[in-house]
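A structural walkthrough
Chain by chain, the residues run as shown.
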Amino acid sequence: MMATRLGLRLHSHVRRYTSASVTGAGSTGVNIKEVDPPKCSSPLKMRGWQLHNYGEELQLSDKVKVPQIRNSQDCLVKVRTTSVNPIDVAMARGYGATVLNKLRCQPGDGIEFPLTLGREFCGELVQKGMGVTSKDLKQGTRVWGVVPVQSPYGAHADYVSVPASCLAPAPAELDDGEAASVLYAGLTAWSGLYITGGLGGLCGAITSSGGGSQKRILVLGGSGGVGTLAIQILKSQGAQVLATCSENAVELVRCLGADFVVDYSNPVAMEELCNFAPFDIVLDCAGQGGQHAAELKFDYRQYITFSSPLLANIDQNGLGFGALQNLSDLVRTNVKSLTQRGGLVKWGFFSPAPHGIEFLQRLVQKRKLLPLIDTCFEFSEMPKAFQRMQNGHLRGKIVIKL
């Protein structure tokens, strides 16, 4: 009964915060060109939004090669819906290029562009490698999946190729738009809590068992894509959840199940969080970064942020000096954090782990997890979707319909 009521509440907020399209003002860092959608004329070609240089225009083409299965464990999926995530906007500006390009290119290749973005999708499995033996992954199966960040073949296209480990049958409880809105943000939240944070112990990190009962977690940025899913994950496991968000999102976050919600711009309300300290984990889904940890007025055992300087330091300083800078940043922030707040600062990352997908799938099937949709766009409106992401203050995910 509780799960049913949660689902009804969430669906009401999905309708409230979803619209057909959003028009943005000027660009804020990525030049994006909107064009009329071409029609694909060849079965070996497809439509795709491509990046030909960092910081330049995304271009829609109908002459993109359909990805080929080159590994026995790969699958080809016809994309029905996809989404835009903050990582897409960051990668369009060149974030992580030094590391990701080395992982992306074949030895002796060095070809970085064109690059297709898009990290998650829902679609139909149309082809699979000979090594894919899972009975759940049959041709024609409706699937959801994620694209590893080092892949040059993203989901902002008619077809995408990914390892079978990044795929699973899409839950019947979600429509295509919802199914394309869970895995990237959900796996980011899951990885931060269970792999980086060790919330469920060793079993929580290496299996889909979850955990976290009776733990007290503070989620910074509870109304965004990662934050909304993190709250639902934690409540499903019996944790006490507190969250921060903007004033106009307080009721939304409360309906997700958070036990105590405060407006982060209200100093008096933020002071109330001291009454609940120390927190087992402070999960930074608001992009505050590790340097913000010691500035908090309450104690915690772990502060986990998804805004680490890891790739940015390497982009700026190269692999060697970048690695040294990362070590220096981590030591400096932890010395300050341990001295002032008594807890460790850790960096959380997206992890496309199959048992993480299984964990999220089980929560959806039990109706304990439902993504919020901020806005929906047609495939030809990709520039508007990127602009909406850049404008910020989202209430859930941005969905693209093909």
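Residues numbered from 1 in each chain as written. Predicted model: local features only at pLDDT ≥ 70, side-chain atom pairs only at ≥ 80, totals over all residues. Heavy atoms only, no water.

1. Notes on the sheet that holds strand β2 (residues 58-65)
Cut-off, in case you're wondering: Pairing between two strands requires that DSSP report at least two bridges joining them. Helix numbering and strand numbering both begin at the N terminus, where a helix is a DSSP run of H or I of at least 4 residues and a strand a DSSP run of E of at least 2.
A sheet is described by the order of its strands in space; here 3 strands give the open sequence β2-β1-β4, paired in antiparallel fashion. This sheet does not close on itself; its edge strands, each paired only once, are β2 and β4 (115-116). Relative to β4, strand β1 (residues 45-51) runs antiparallel, the two sharing 2 bridges. Residue pairing for β4: Leu51 is matched across the bridge by Leu115.

2. What about the confidence of the model for the protein?
Short version of the rule: Think of pLDDT as the predictor's per-residue confidence, scored from 0 to 100. Here, residues are in contact when the closest pair of their heavy atoms is within 4.5 Å.
When the pLDDT values of the protein are averaged, the result is 87; 88% of them are 70 or greater. Scored below 50 in pLDDT, residues 1-9 makes 8 contacts in the model with residues more than four places away or belonging to other chains. For the stretch residues 11-42, pLDDT sits under 50, and the model shows 81 contacts to residues farther than four places along the chain or on other chains.

3. Structural notes on the pattern of salt bridges
Counted only if it meets this: Salt bridges are counted wherever a side-chain nitrogen of Lys or Arg sits within 4 Å of a carboxyl oxygen of Asp or Glu. Here's how the labels work: a residue is buried when its accessible area is under 20% of the maximum for its type, exposed when over 50%, partly exposed in between, all with a 1.4 Å probe on protein chains only.
Applying the stated rule across the entire model yields 12 salt bridges. When the shortest N-O distance is used, the salt bridge between Asp329 and Arg332 registers 2.7 Å. Taken together, the positions of Asp329 and Arg332, both in helix α10 (residues 310-341) and 3 residues apart, correspond to about one turn of that helix. Residue classification places Arg332 among the partly exposed residues on the basis of a relative accessible area of 48%. Several salt bridges converge on common partners, so that one network encompasses Arg80, Arg142 and Asp176.

4. Some points on the sheet that holds strand β9 (residues 216-220)
What counts here: Angles shown run from 0 to 180 degrees and are taken between the N-to-C directions of axes, each axis being a line fitted to C-alpha atoms and, for helices, limited to the stretch in contact.
If you trace the 6 strands from one edge of the open sheet to the other, you get β11-β10-β9-β12-β13-β14, paired in parallel fashion. Because the sheet does not close on itself, it has two edges, and the strands there are β11 (260-263) and β14 (344-347). Taken pair by pair, the neighbouring strands of this sheet meet at an average axis angle of 20°, ignoring direction. Sheet topology places strand β13 (residues 302-305) next to β14; 4 bridges connect them, and they run parallel. Residue pairing across strands places Tyr303 opposite Val345, the latter belonging to β14. Each of β12 (281-284), β13 and β14 is contacted by helix α5 (residues 183-196), which is oriented at about 145° to β13, the strand it contacts most.

5. With respect to unusual backbone geometry
Going from Ala277 to Pro278, the amide bond is cis rather than trans, its omega being 0°. Along the chain, Pro278 falls in the loop between α9 (267-271) and β12. A positive phi is found at Gln214, a non-glycine position, where the angle reads about 70°. The residue Gln214 is located in the loop between α6 (201-206) and β9 in this model. With a phi angle near 60°, Arg367 is a residue other than glycine that sits in the positive phi range. Here Arg367 shows up in the loop between α11 (354-365) and β15 (373-378).

6. Comments concerning the pairing of β13
Our working rule: By convention a crossover is right-handed if, when the strands point away from the viewer, the path from the first strand over the helix to the second runs clockwise.
The alternating pattern of β13 places Gln302 and Ile304 on one face and Tyr303 and Thr305 on the opposite face, and all of these are buried. Pairing geometry for β12 and β13, over 3 bridges, is parallel. Residue pairing for β13: Val282 is matched across the bridge by Tyr303. Handedness of the β-α-β unit built from β13, α10 and β14 comes out right-handed.

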